[in-house]
Amino acid sequence: MPLATPPAPQRLRTGARAAVTASGLWRAYGSGEAQVVALRDVSVAFASGAFTAIMGPSGSGKSTLMHCLAGLDTTDRGTVEIGGVSITGMGDKVLTKLRRDKIGFIFQQFNLLPTLTAEENILLPASIAGAKADPAWIHQIIATLDLQDRLSHKPTELSGGQQQRVACARALATRPEVVFADEPTGNLDTRSGTEVLRFLRKSVDDFGQTIVMVTHDPTAAAHADRVVFLADGQIVDDLQAPTADTVIDTMRGFENHAPIAGEAR
């Protein structure tokens, strides 16, 4: 792996504070001829109180980048900071606490506990942390997501859209530094997906939340303030104030992309 000097993280808008910063990230899997390089010297910053989408062709490294940013995967080189705290090289115990306190997660598969009610799932992060959730904050989230009549229901009694709304409420319950969303609308119909995206947008505009979302959907990306594009494990474009059309136009440049030797697939 080349030992290049990591470039400075991409600049944010004037006055913006970085919630998450990556500097010179490298991540490879395997070794020798079987080695796959998923990230190649990636440096990027994500503004606090903003909604950023990460896009790219299949195998571009977008999910690997999110997992490294969230401390779910390690890096071979480079550093990651969340809220000004470096998570690079952290021990498992400390990293687990940081993820619990500073990070919210929304996954494509919802990841709700089937034996718990919607309300219990929402309150689970605070319960695990041994902390008491702010009742006013929880009520505000539940009302915004229109879940008042579903709190006593278990996941099997909820539609896919309702389950994802519960997952959104759970992610915001502890007022995290950042929420990472991995294809949050991937298992939803158009209407339910739109409801979830509108909530994510509202959580940024009204609550000052920071959202970093991996998606393959230009319409979903159009809800963001910014789209970061990856190809071959590198950032290749950065689009502000995206629309579905401008995202599609940018993605067309990747249509004829063929994987290079050793890149992620």
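So, a few notes on the structure that sits alongside this text. Source: prediction; values computed, not measured. (Residues numbered from 1 in each chain as written. Predicted model: local features only at pLDDT ≥ 70, side-chain atom pairs only at ≥ 80, totals over all residues. Heavy atoms only, no water.)

**Some details on the layout of surface pockets**
We apply this condition: Only protein atoms enter the calculation, which uses a 1 Å grid: trapped sets of points that fit a 1.4 Å probe without letting it out are cavities, open sets showing protein on both sides within 12 Å along at least five of seven lines are pockets, and any residue with an atom within 4 Å of a point is a lining residue. Grid points are joined across faces, edges and corners, and a volume is the space filled by probe spheres set on the points. Strands here mean DSSP runs of E at least two residues long; helices mean DSSP runs of H or I at least four residues long; both are numbered from the N terminus.
Looking at the largest pocket, its volume works out to about 410 Å³. Lining the largest pocket are 15 residues; nearest its centre among them are Arg100, Ile103, Phe105, Pro125 and Ile128. Broken down by secondary-structure element, the contributors of at least two residues to the lining of the largest pocket are helix H2 (92–102), strand E6 (103–107), helix H3 (118–129) and helix H5 (160–172). Considering each element in turn, the lining of the largest pocket owes the most residues, four residues, to E6. In this model, the second largest pocket occupies a volume close to 210 Å³. If you trace the second largest pocket, you find 13 residues lining it, with Asp73, Thr74, Ile87, Gly89 and Leu95 closest to the centre.

**Examining the sheet that holds strand E3 (residues 51–55)**
What counts is decided by this rule: Strands are labelled as partners when DSSP assigns at least two bridges between them. In this analysis, axes come from line fits to C-alpha atoms, helices being fitted only over the stretch in contact, and the angle between any two N-to-C directions falls in the range 0 to 180 degrees. Residue contacts follow a heavy-atom distance rule, with two residues in contact if any of their heavy atoms lie within 4.5 Å.
Taken in spatial order, the six strands line up as E6-E7-E8-E3-E9-E10 in an open sheet, and their pairing is mixed. In this open sheet, the two edge strands, each paired with only one partner strand, are E6 and strand E10 (234–240). The sheet shows a mean angle of 20° between the axes of neighbouring strands, direction not considered. Direction of pairing for E3 relative to strand E9 (residues 226–231): parallel, over a ladder of four bridges. Residue pairing for E9: Thr52 is matched across the bridge by Arg226. Sitting on the sheet, helix H1 (residues 62–69) is in contact with E3, strand E7 (178–182), strand E8 (211–214) and E9, with an inclination near 150° to E7. The sheet strands contacting helix H6 (residues 190–207) are E3, E6 and E8, and the helix crosses E8 at an angle near 155°.

**Observations concerning the packing of aromatic side chains**
Note the cut-off: Only Phe, Tyr and Trp rings are paired, with Trp represented by its six-membered ring, and only when their centres lie within 6.5 Å; those with planes under 30 degrees apart are stacked, over 60 edge-to-face, the remainder tilted. Look at NZ for Lys and CZ for Arg. If either is within 6 Å of the ring centre and within 35 degrees of the ring normal, a charge sits over the ring.
All chains considered together, the criterion is met by three aromatic pairs. Aromatic pair Trp137 and Phe207: ring centres 5.1 Å apart, planes at 70°, arrangement edge-to-face. Pair noted here: Trp137 is in helix H4 (residues 135–144) and Phe207 is in helix H6, with a separation of 70 residues, a long-range link. Here the aromatic residues Phe105, Phe107 and Phe180 are joined through ring pairs into a cluster of three or more. The ring of Phe46 carries Arg226 above its face, with NZ or CZ at 5.8 Å from the centroid.

**Let's talk about the pairing of E3**
Consecutive side chains of a regular strand alternate in pointing toward one face of the sheet and then the other. Heads up, the rule is: Partly exposed residues are those whose accessible area sits between 20% and 50% of the maximum for their type, while under 20% is buried and over 50% is exposed, using a 1.4 Å probe and protein chains only.
When you tally the buried positions in E3, you get five out of five residues, the bulk of the element. The alternating pattern of E3 places Phe51, Ala53 and Met55 on one face and Thr52 and Ile54 on the opposite face, and all of these are buried. Where E3 and E8 come together, four bridges link them in parallel fashion. From the neighbouring strand, Phe51 faces E8, where its bridge partner is Ile211.

**Quick notes on the sheet that holds strand E2 (residues 36–47)**
Taken in spatial order, the four strands make up an open sheet running E2-E1-E4-E5, and their pairing is antiparallel. Looking at the sheet topology across the chains shown, the edges are occupied by E2 and strand E5 (85–86). Pairing analysis gives two bridges linking strand E4 (residues 77–82) to E5, with the strands arranged antiparallel. Bridging from a neighbouring strand, Glu81 pairs with Ser86 of E5.

None of this, on its own, says anything about what the molecule does.
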